[in-house]
Structure formats: C-alpha cells, structure tokens
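Here's the letter readout for the chains.
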Amino acid sequence: MLLSSLAAAITAVLVLTGCSSPQISPSPSTSGSSTTPAVEVTTAAPPPTTEAPVYKPATDQGPAENVPIPVLPDKAKEFSKEGLIAFTEYWYSALGYAFETGDPKPMMDISGPNCIACNNMSETILPWHSEGRWIVGGQMMVLSTNASFVPVEDGSYEVTALIRQNHVQFYRGDKSLADDPGQGPSAADQLNAAYDSNQWKAISVLRINGG
C-alpha cells in the first residue's frame, strides 16, 4: 500500500595541543655572579580545525548523508518573471531534497496548504524514510522553464517546467531492494504560484496531459 501510494505521488508531481619552545638555559655563570632564572616561552595553541561535513549520496548500502539543505536565493523572493522562475527551480530542488532525506519541510514551507501534489509527497516520502528504509536518487533537475507572467483567473502565475528526476530506487532497512521503477523520461509540469507577503508559494503542481 505504501509503495502504491508513493508511486501515485511520484506520478502526481513528479547534506590542543599547546606547543612550547624549549626552555632557554641560563648563560654560564661567572665567579661571584648570580644565576639568572630560566625563562619559559610559550606560544598560543592553534584553534582546533573543524572539517565541513561531506555529502554522500545514497547507495544500495545506506541512505544519503549530510545532504545540503536547499537555500532560497534572493532572486526567488522577487515579484518578477525572473523571481517566479527562480522560485520554481528552488521548489524542485526542495522536492529532490525530500526524496533524498525524507524531510519535506523546505518544500512545504514554500507550498500552500491546498497544494494536493505537495501534500501527497509530504505524506508518502516521509513514511518511507522510517524503520531504516531509504531512497536512492530522486534529485530533481529543471531543464527549461516558460512563463508569461500574466496572472490567471485565481490570481496565480503559471510556469511550465521541463523536469527530469534522477533514477529512484526504494530500499528496505535490511538493504533489500523494495522497488525500482526505472529511469523515467523528462516530463512537463505546470506549477502555479501565488505571491503574498513578499514571498512566492506553490499552490498547485500538475503533470501536463496527465502523464
């Protein structure tokens, strides 16, 4: 049931050492002279080095690690045709992030509450990433976009996007392959977004021609 729901959702929408110098020995004393005490010279310890987490994509041996969280670019906040297109590209990167990590929050934060496809993805991808299961692939690529930047009847703005998703495979916690739907072809989506309170939000995402 979970896999069938997941497949339906995919169809719908498609990461001190302190060091000290040696002590300075006093110069040889001469008769009747006092001994000069040794002076210890120390240097400040270098700050500890921290390495940035390394992104590791998922494989048949385990889930992805340290997947970079998508960052909304400033351009995607603009009320303009270019801003709308930048927002669309970001939305798909957030969708791919949800596939890789099971975390739909970045996508849902920029999606309206009535976006059916968005909610379907949130409700199916998240459960799969539980009980040790994971997904290989799923990253989204926006190959081209087209937008007139003329509002439709409900006041939203449409973007037609040619998208392609990396080959998706579903693995169980015991590392067995649960499903491999194969590499899908490129597909055209229609994303409708509304601009309110200085931000875009996806209100619907549909596969054109019901593919």
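Quick caveat, the model's predicted, so the values are computed rather than measured.

The rules behind the values
One numbering rule holds for all chains: residues counted from 1, following each sequence as written. Note on the predicted model: pLDDT of at least 70 is required for a residue's local features to be given, and 80 or more for side-chain atom pairs to be given and counted; whole-chain, interface and lining totals, by contrast, use all residues. Values reported for side chains reflect all heavy atoms of the structure, with hydrogen atoms and water molecules removed beforehand. Using a 1.4 Å probe on the protein chains alone, a residue whose accessible area is under 20% of its type maximum counts as buried, one over 50% counts as exposed, and one in between counts as partly exposed. Put simply, DSSP marks the helices as runs of H or I at least four residues long and the strands as runs of E at least two long, and each gets a number from the N terminus on. Note on pairing: two strands pair once DSSP finds at least 2 bridges between them. Cysteine sulfur atoms that pair up within 2.5 Å are treated as a disulfide. One side-chain nitrogen of Lys or Arg within 4 Å of one carboxyl oxygen of Asp or Glu is enough to make a salt bridge.

### Here's the deal with the pairing of strand E3 (residues 157-165)
Here is step 1: Residue alternation in E3 divides its side chains into a buried set, Tyr157, Val159, Ala161, Ile163 and Gln165, and an unburied set, Glu158, Thr160, Leu162 and Arg164.
Here is step 2: In this structure, strand E2 (residues 140-146) lies alongside E3, joined through six bridges in antiparallel fashion. Each bridged residue has a counterpart across the sheet, and for Asn146 the counterpart in E3 is Thr160.
Here is step 3: Taken together, the seven bridges between E3 and strand E6 (residues 187-196) define a ladder with antiparallel strand orientation. Each bridged residue has a counterpart across the sheet, and for Glu158 the counterpart in E6 is Asn192.

### Looking at the state of the cysteines
Here is step 1: In total, this model carries one disulfide according to the counting rule given.
Here is step 2: One disulfide in the model links Cys115 with Cys118; its S-S distance is 2.0 Å. Taking the sign of the torsion about the S-S bond as the criterion, the disulfide between Cys115 and Cys118, at about 60 degrees, is right-handed. Cys118 shares its class with Cys115; the two are buried.

### With respect to the pattern of salt bridges
Opposite charge on two side chains makes pairing possible when the charged atoms of those side chains draw close.
Here is step 1: Under the counting rule described, the total for this entry stands at five salt bridges.
Here is step 2: With a closest N to O distance of 3.2 Å, Lys75 and Glu78 form a salt bridge.
Here is step 3: Taking the relative accessible area as the measure of exposure, Lys75 reaches 37% and is therefore partly exposed.
Here is step 4: Here Glu131 and Arg133 are joined by a salt bridge, their closest N and O atoms 3.3 Å apart.
Here is step 5: The class for Glu131 is exposed, based on a relative accessible area of 69%.

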